[in-house]
Amino acid sequence: MRTSLIVQGIAIVLLGTAAQADDLKIALIYGKTGPLEAYAKQTETGLRLGLEYATKGTMTLDGRKIVVITKDDQSKPDLSKAALAEAYQDDKADIAIGTSSSAAALADLPVAEENKKILIVEPAVADQITGEKWNRYIFRTGRNSSQDAISNAVAIGKQGVTVATLAQDYAFGRDGVAAFKEALAKTGATLAAEEYVPTSTHGPETLRNRTFDWRQHSSSARWL
C-alpha cells in the first residue's frame, strides 16, 4: 500500500515534466546510521522491493529508468535539511522520500516547499508534519502520532486507571504524548504524570528508576 502511494506520487511528478528519457531520480533521506538505523534499513529495503514489484522488475516508469539516491542524515535535523537540499539542487532528484526521525522530517518540510518538489514522509510520525507545519508539497504514507495515541488510549483507558507517560524529548515524543492526552481524556482515565528524557539517554537504568519511583505512589499506575 505504501509503495503504491509512492509510485502514484512519482507518476504525478511525471505529469508535470516534459517527456524525456532522463533517469527518474528518487532521493531517499534516512537515518542509515544513528539511533534509528533499524527503521532506516526497513525503509530502504521496503522501497527497493516495492519499486521492483510495482514496475514488474523493470525499474522503469513511463520509459524512464528509476534511480534511487540514498543520503544518510544520521537522524539529525541539520544534516537532513542539507541532504535534502543537495538531493533536489545538485543531484536533480525529481522526488524525495524520508526521513526516519520526526525532528529531521520537520526540518525537511520547508526545503521541499522552497524547491517546489514533492517530499513523501516515511516513516516519521509526528502530527505536525501533516498538521501545523504542513505545506502543499508534503505527503505521508505511514501513520501519525494521533493514530498511535487513540489506539493506546482505547486499549487501556477507563475509569479508575491512572497513567503516566514516558517519552523522548523531541517532536516524536511530545507529539505522541499530546495526542495521547487528548484521546485518554475521553476514556475516564487519569493522566498523572509526564516524563521526558533526552534522546541521548541510552541506559535502561535511568528509565527504569523513574518508572519505579512514580509507581510507588500509585498502585493503579500504568506506563505508556
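Student: Help me out: how do you make sense of the overall build of the protein in this one?
Tutor: Of regular secondary structure, the protein possesses 7 helices and 9 strands. When the 224 residues of the protein are sorted by exposure, 44% land in the buried category. Long-range pairs, those at least 24 residues apart, make up 66% of the contacts in the protein between residues at least 6 apart in sequence. Surface accessibility of the protein: about 11,900 Å² in total, with carbon and sulfur atoms responsible for 51%.

Student: Just to check I follow, could you spell out the pattern of salt bridges for this structure?
Tutor: Opposite charge on two side chains lets them pair, provided their charged atoms get close. Per the stated rule, a full pass over the model turns up 7 salt bridges. R48 is the salt-bridge partner of E44, the closest N and O atoms lying 3.1 Å from each other. Of this pair, E44 and R48 are both found in helix α2 (residues 37–54), 4 residues apart, which corresponds to roughly one turn of the helix. Looking at R48, the relative accessible area reads 37%, which means it is partly exposed. Linking D148 and R143 is a salt bridge whose minimum nitrogen-to-oxygen distance equals 2.8 Å.

Student: Explanation requested: the environment of Y39 in the structure shown.
Tutor: By secondary structure assignment, the location of Y39 is in helix α2. Accessibility expressed as a relative area gives 49% for Y39, which makes it partly exposed.

Student: Teacher, can you tell me more about helix α4 (residues 102–115) here?
Tutor: An α-helix turns once every 3.6 residues. As a result, residues three or four positions apart point the same way. Along its 14 residues, α4 runs 20 Å from first to last C-alpha, staying within 8% of the 20 Å computed at 1.5 Å per residue. Helix geometry: α4 is bent most strongly at D108, by close to 25°, with proline P110 lying one to four residues after it. Among the residues making up α4, those that are buried are S102, A104, A105, L106, A107, D108, L109, V111 and A112. Taken together, the buried residues of α4 touch β1 (24–30), α3 (77–89), β5 (119–121), β6 (138–140) and α6 (171–184). Two or three places before A103, at the start of α4, stands the capping residue S101, its side-chain oxygen 3.2 Å from that residue's backbone nitrogen. Where α4 terminates, the next one or two residues include K116, which has phi positive at roughly 55°.

Student: What is the right way to read the side chain of E122 from this model?
Tutor: Relative to the elements of secondary structure, E122 occurs in the loop between β5 and β6. For E122, a relative accessible area of 10% translates into the label buried. Engagement of the side chain of E122 in a polar contact is seen with the side chain of T141, the distance being 3.2 Å.

Student: What exactly am I supposed to notice about the nonpolar core here?
Tutor: One recurring pattern in soluble globular proteins is that nonpolar side chains are buried together. By size, the foremost hydrophobic cluster in this structure holds 22 residues, and its most contacted members are L84, Y88, L109, L119, V121, I129 and I138. Of all the elements in the fold, those that place two or more residues in this core are β1, α3, α4 and β5. Discounting residues that sit within four places of it in the chain, L119 has contacts with L84, Y88, A96, I97, G98, D108, L109, A112, Y137, I138 and F139. L28, Y30, A40 and I95 belong to the second largest nonpolar core, which has 14 residues in total.

Student: How do you make sense of unusual backbone geometry when you look at a structure like this?
Tutor: Glycine aside, residues mostly have negative phi, and peptide bonds are mostly found in the trans state. Each neighbour pair has its own omega, and for G98 with T99 the value is 0°, a cis peptide bond. Tracing the backbone shows T99 in the loop between β4 (95–97) and α4. Residue E122 is joined to P123 through a cis peptide bond whose omega torsion reads 5°. Following the sequence through the fold, P123 ends up in the loop between β5 and β6. We note that S75 has phi near 65°; this positive angle belongs to a residue other than glycine. Relative to the helices and strands, S75 is located in the loop between β3 (64–72) and α3. Judged by its relative accessible area of 13%, S75 is buried. The backbone of K116 shows a phi angle near 55°, a positive value even though the residue is not glycine. Along the chain, K116 turns up in the loop between α4 and β5.

Reading the values: rules and limits
- Residues numbered from 1 in each chain as written.
- Predicted model: local features only at pLDDT ≥ 70, side-chain atom pairs only at ≥ 80, totals over all residues.
- Heavy atoms only, no water.
- Helix = DSSP H or I, 4+ residues; strand = E, 2+ residues; numbered from the N terminus.
- Buried < 20%, exposed > 50% of the residue type's maximum accessible area, 1.4 Å probe, protein only.
- Contact = heavy atoms within 4.5 Å.
- Areas by Shrake-Rupley, 256 points an atom, 1.4 Å probe, with all protein chains shown as cover.
- Salt bridge = Lys/Arg side-chain N within 4 Å of Asp/Glu carboxyl O.
- Expected span 1.5 Å × (residues − 1).
- Bend = angle between axes of the 7 residues up to and from the residue.
- Polar contact = N/O pair within 3.5 Å; in protein donor to acceptor, adjacent residues only side chain to side chain.
- Core = buried A, V, L, I, M, F, W, Y, C linked by side-chain atoms within 4.5 Å.

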